[in-house]
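# Understanding the architecture of this molecule
This is what each chain is made of:
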Amino acid sequence: MNKKVWIPVAFAALLLIAGIAYLVMNLHQQRQELEEMQALAEMDKQEMENEYQDFALQYSEMMTKITNDSLIQQLTLEQEKNIKLLEELKTVKANDAREITRLKKELATCRAVIRSYVLEIDSLNRLNQNLMEENSRVKAQNEEASRQIQNLNIDKEALNEKVAIAAQLDATGLNLMLLDKRNKAAKKVSKCKTMQASFTIAKNVTASNGTKTFYVRITSPTGSTLGNAGTFPYENRQLQCSMKKTVEYGGQELPMTLYWEVTQALQEGTYQMSVFADGNMIGSKSFTFE
């Protein structure tokens, strides 16, 4: 073959081989990211199942400590609801975003309900302590109340564990908006220059106050994580986040808004927005864009 002809042919072959190698590496990376998201979804589902099971056990434990028939009936109904939701969760696939989101909202409601019972029992327990101290002066008036409250004595360590569950933060009202170059709402991802993530941290008087960092993780329809604002710990591993914000939390309702400047081509489809804090996933929702 003529040397002048052979050199372009060899160069073209090298370019073709390089292109194929790039495609193979890209497909492998996408497969790894999809597997990572599937594993994360499975862990999230398992965490929800564990929490539902823990709630059911807590109701059983609380019912052994009280004799109030009305309160026992309330606890029994809530326990049956938890068990029903747990059975529903076990039949749902981890990648069924709609059902997982619904059951996550139900879980937040259940958490709030058990939190109210924990606080009620804690309040009664403290009242019992005060009544015991004043028993010599008001024994005749409070004898019946003392008998009822004495039945609500709960081991301090067990109570602390329940309070820790009640202290977990909840992110509500999750919203993901596309903004164009004029910071106006965009209908299509092709016009998007900025993503705006907003949510509200619900009021929680049992949560610890102080400086907290909230991490927002947005995944594309292919399962890859948008942006790179660093990593954070979750389930004994480090996850990449799209945005993060550190604020002073005082237990009251706290609205938050974060922004991500688009640095890569976006495609239409369903995006997943998840919020993390204190090592927990406190909110998650999917959004579909054209």
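Structural data are supplied above this passage.
Predicted model, so just to flag it, every value in this text is computed and none were measured. (Residues numbered from 1 in each chain as written. Predicted model: local features only at pLDDT ≥ 70, side-chain atom pairs only at ≥ 80, totals over all residues. Heavy atoms only, no water.)

## What about the overall build of the protein chain?
When helices and strands are counted, the protein chain shows five helices and nine strands. When the elements of the protein chain are put in sequence order from the N terminus, they spell out α-α-α-α-α-β-β-β-β-β-β-β-β-β. Across the protein chain, every contact between residues at least 6 apart in sequence was considered, and the portion connecting residues at least 24 apart equals 69%. (Helix = DSSP H or I, 4+ residues; strand = E, 2+ residues; numbered from the N terminus. Contact = heavy atoms within 4.5 Å.)

## Brief notes about unusual backbone geometry
The backbone of Asn236 shows a phi angle near 60 degrees, a positive value even though the residue is not glycine. Assignment of secondary structure puts Asn236 in the loop between β4 (231-234) and β5 (237-240). The class for Asn236 is exposed, based on a relative accessible area of 85%. Even without being glycine, Asp278 reaches a positive phi, approximately 55 degrees. (Buried < 20%, exposed > 50% of the residue type's maximum accessible area, 1.4 Å probe, protein only.)

## Comments concerning the layout of surface pockets
When its volume is computed, the second largest pocket comes out at roughly 330 Å³. As for the second largest pocket, its lining consists of 22 residues, of which Lys104, Ala171, Ile282, Gly283 and Ser284 are closest to the centre. Listing elements by their share of the lining of the second largest pocket, those giving two or more residues are α1 (3-63), α3 (97-133), β1 (171-179) and β9 (280-289). The leading source of residues in the lining of the second largest pocket is α3, at six residues. Considered class by class, the residues forming the lining of the second largest pocket number eight nonpolar, six polar and eight charged. (1 Å grid on protein atoms, 1.4 Å probe; cavity = no way out; pocket = protein on both sides within 12 Å on 5 of 7 lines; lining within 4 Å. Points joined across faces, edges and corners; volume = space filled by probe spheres on them. Nonpolar A, V, L, I, M, F, W, Y, C, P; charged D, E, K, R; others polar.)

## Quick look at the packing of aromatic side chains
The way to describe two aromatic rings as a pair is by their centre distance and the angle between their planes. Applying the stated criterion across every chain yields a total of four aromatic pairs. Ring centres of Tyr215 and Phe232 lie 4.8 Å apart, and the angle between their planes is 20 degrees; this geometry places the pair in the stacked category. Of this pair, Tyr215 sits in strand β3 (residues 210-219) while Phe232 sits in strand β4, and the two are 17 residues apart along the sequence. Each member of the pair, Tyr215 together with Phe232, is buried. Between Phe232 and Phe276, the aromatic rings sit 4.7 Å apart at their centres with planes inclined by 45 degrees, giving tilted as the arrangement. Of the two residues, Phe232 is situated in strand β4 and Phe276 in strand β8 (residues 269-277); the sequence distance between them amounts to 44 residues. Here Phe232 and Phe276 have matching classes, each one buried. (Phe/Tyr/Trp six-rings, centres within 6.5 Å; stacked < 30°, edge-to-face > 60°.)

## Quick look at the sheet that holds strand β7 (residues 254-261)
With antiparallel pairing, the three strands of this open sheet are ordered in space as β1-β2-β7. If you trace the sheet from one side to the other, it starts and ends with β1 and β7, each paired once. Averaged over all pairs of adjacent strands, the angle between their axes in this sheet comes to 15 degrees, without regard to strand direction. Sheet analysis places β1 next to strand β2 (residues 194-201), joined by seven bridges and oriented antiparallel. (Pairing = 2+ DSSP bridges. Axes fitted to C-alpha atoms, helices over the stretch in contact; angles between N-to-C directions.)

## A closer look at the pattern of salt bridges
One pass over the structure, following the stated rule, counts one salt bridge. The salt bridge involving Lys212 is made with Asp278; its shortest N-O contact spans 3.1 Å. With a gap of 66 residues between them, Lys212 in strand β3 and Asp278 in the loop between β8 and β9 connect regions that are remote in the sequence. (Salt bridge = Lys/Arg side-chain N within 4 Å of Asp/Glu carboxyl O.)

## Comments concerning the pairing of β5
The side chains of a regular strand alternate, residue by residue, between the two faces of the sheet. The pairing of β4 with β5 spans four bridges and is classified as antiparallel. Within β5, the position partnered with Thr231 by the bridge is Gln240. The antiparallel hairpin formed by β4 and β5 contains two residues in its connecting segment, where Glu235 sits at a positive phi of about 55 degrees.

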